[in-house]
Amino acid sequence: MASYATNEFKSGLKVLVDGEPCSILENEVVKPGKGQAFNRVKFRNLRNGRVWERTFKSGESIEAADVMEIDMEYLYADGEFWHFMKTDGSFEQVAADASAISDAKDWLKEQDVYQVILWNEAPISVSPPNFVELEVAETDPGLKGDTAQGGTKPATLSSGAVVKVPLFVNIGDVLRVDTRTGEYQNRVSK
Amino acid sequence: MPESLKLRASVLAEARRFFAEREVMEVETPLLGTSTVTDVHLQSFEVRAHDPSQLPLFLQTSPEYTMKRLLAAGSGPIYQIAKAFRAGERSRLHNPEFTLIEWYRPGFSLADLMDEVQQLIARLLCRQNIPRYTYGELFRKHLNLDPHAIALQELRQRCKELIDVRSADLDATDYLQLLMGKKIEPRLPDSCFVYEYPEAQAALSVVAPDAEGVPVAQRFEFYVDGMELANGYLELTDAAEQRARFERDLVRRQQLGLPAVPVDEELLAALEAGLPSCAGVALGLDRLLMALGQERDICGVISYPLG
């Protein structure tokens, strides 16, 4: 694959560093008055999300990474993989493993669209949208006047996620949830 | 932008008043020359006339060489506010074309010149009580190493423990500069002088023993808000030593695959004729304006930055 020289570094560039697909977050050129110029680069590892920094001598190159971030529709899980399909009409499918699906598995709903990062066409990371609407699969009927837990009770959603909900929520209700915080937002009319 | 234009105008006027009061004469020397610097880390702009039979000329990377020729010719104390041109990296602190306030004081020691820089900064930036640290003292205090004595092997190891840098072919100066930039500069006070640099970082300054007898470069850097603002020297006056340094640079340029450049024979001739003992300093006006206007990027203080 192609490579990028330090003078081409910019935020968002997808590169391979130590064999890992990374995105450049920040690129700072540092040059002392009578000295060599360096690039101080902050990366995000696209596989594990880790943010880290390395300094390069100006003029060095690093390998470009074949990374794409695309929208894909969730199809189903087969116990080992989670299957997604491209939304561009091609019907192409990919299978994400446990490390790629990671926390996103709490928020999966069939036919909903998720952001998938593909590296050499294999999924390495799946991100849910900021809000999802999921049905309550399991919850206790909230007894009126029961304020022992401050007016909330746990509810298990169809995806398996457990969220704190108000006492009036019933099985079958569809809830809007913030995937970043895991917090109940409101009930949605079906 | 209009605010920074006004600021530049008032700083220029104030700087001129400062030098007039001290009877330091303003000079203008050519920006174009037939030779250029040998420094391996400086890239000058080569200019060509449309007529191909004309030899190429170079834009100055600083007014240093021409001003030293004036000093050797008996100018006395002089200053210049001049554009300098350095091709290569653009960063939030660098624009390829920038402005230097550069001045020379025959008979001044390095300490005398630091005093004068301090006076100018008090006038322009209203900063007082500026501490001074030696390079060695900073490395000993913050990193527990002696930059003048540490072996390259150990320095490389220490640097790699603290900074993720994998590049090959880095020399002692590179490692020290990386450590200075990443580990020491962020811990410097708002304004300070750093002086007595390692011998290898002497450039055009005199190398002389420090209080412990260690040969150090009689050079200082003035820092403001973490930025190098002014670089000062006790100027090298020995023509033979200067020529030797230029030749070493040319060898290094060849090793690094950099183009050879014509050495400034006129500067060397001036040194041979006799440069009076003097201290000189170059101050970055644009960065001073950044400090004054609380700008994070040099683009904020330059009317039409390049790129």
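Residues numbered from 1 in each chain as written. Chains lettered and ligands numbered in written order. Predicted model: local features only at pLDDT ≥ 70, side-chain atom pairs only at ≥ 80, totals over all residues.

### Quick notes on the nonpolar core
Counting 59 residues, the largest nonpolar core has Val 117, Phe 222 and Leu 283 of chain B as the members making the most contacts within it. The element that contributes the greatest number of residues to this core is helix α3 (residues 110–125) of chain B, accounting for 7 residues. Filtering out sequence-adjacent residues up to four positions away, Val 117 of chain B remains in contact with Phe 222, Ala 230, Gly 232 and Val 281 of chain B. Grouped together as the second largest cluster of nonpolar side chains are 49 residues, Val 94, Ala 96, Tyr 114 and Val 177 of chain A included. (Core = buried A, V, L, I, M, F, W, Y, C linked by C-beta atoms within 7 Å. Buried ≥ 20, exposed ≤ 12 C-beta atoms within 10 Å, placed from the backbone. Helix = DSSP H or I, 4+ residues; strand = E, 2+ residues; numbered from the N terminus. Contact = placed C-beta atoms within 7 Å.)

### Here's the deal with the sheet that holds strand β7 (residues 67–77) of chain A
Residues and elements named next belong to chain A. The antiparallel open sheet is built from 5 strands, whose spatial order is β9-β8-β7-β10-β11. Strand pairing shows two members of the sheet lacking a second neighbour, β9 (93–96) and β11 (122–127), which therefore form its edges. Strand after strand, the sheet turns through a mean of 45° between neighbouring axes, direction not considered. In terms of strand pairing, strand β10 (residues 113–119) meets β11 through 5 bridges, oriented antiparallel. Looking at β11, one finds that Gln 115 is bridged to Ser 127. (Pairing = 2+ DSSP bridges. Axes fitted to C-alpha atoms, helices over the stretch in contact; angles between N-to-C directions.)

### Section: the domain arrangement of chain A
All names here are of chain A. Domains assigned within chain A are domain 1 (3–64), domain 2 (67–127) and domain 3 (131–188). Inter-centroid distance (C-alpha atoms) of domain 1 to domain 2 is 28 Å. Across the boundary between the two partners, domain 1 contributes 4 residues, which contact 5 residues of domain 2. A per-class count over the side of domain 1 that touches domain 2 returns 2 nonpolar, no polar and 2 charged. (Domains from an automatic or database assignment. Nonpolar A, V, L, I, M, F, W, Y, C, P; charged D, E, K, R; others polar.)

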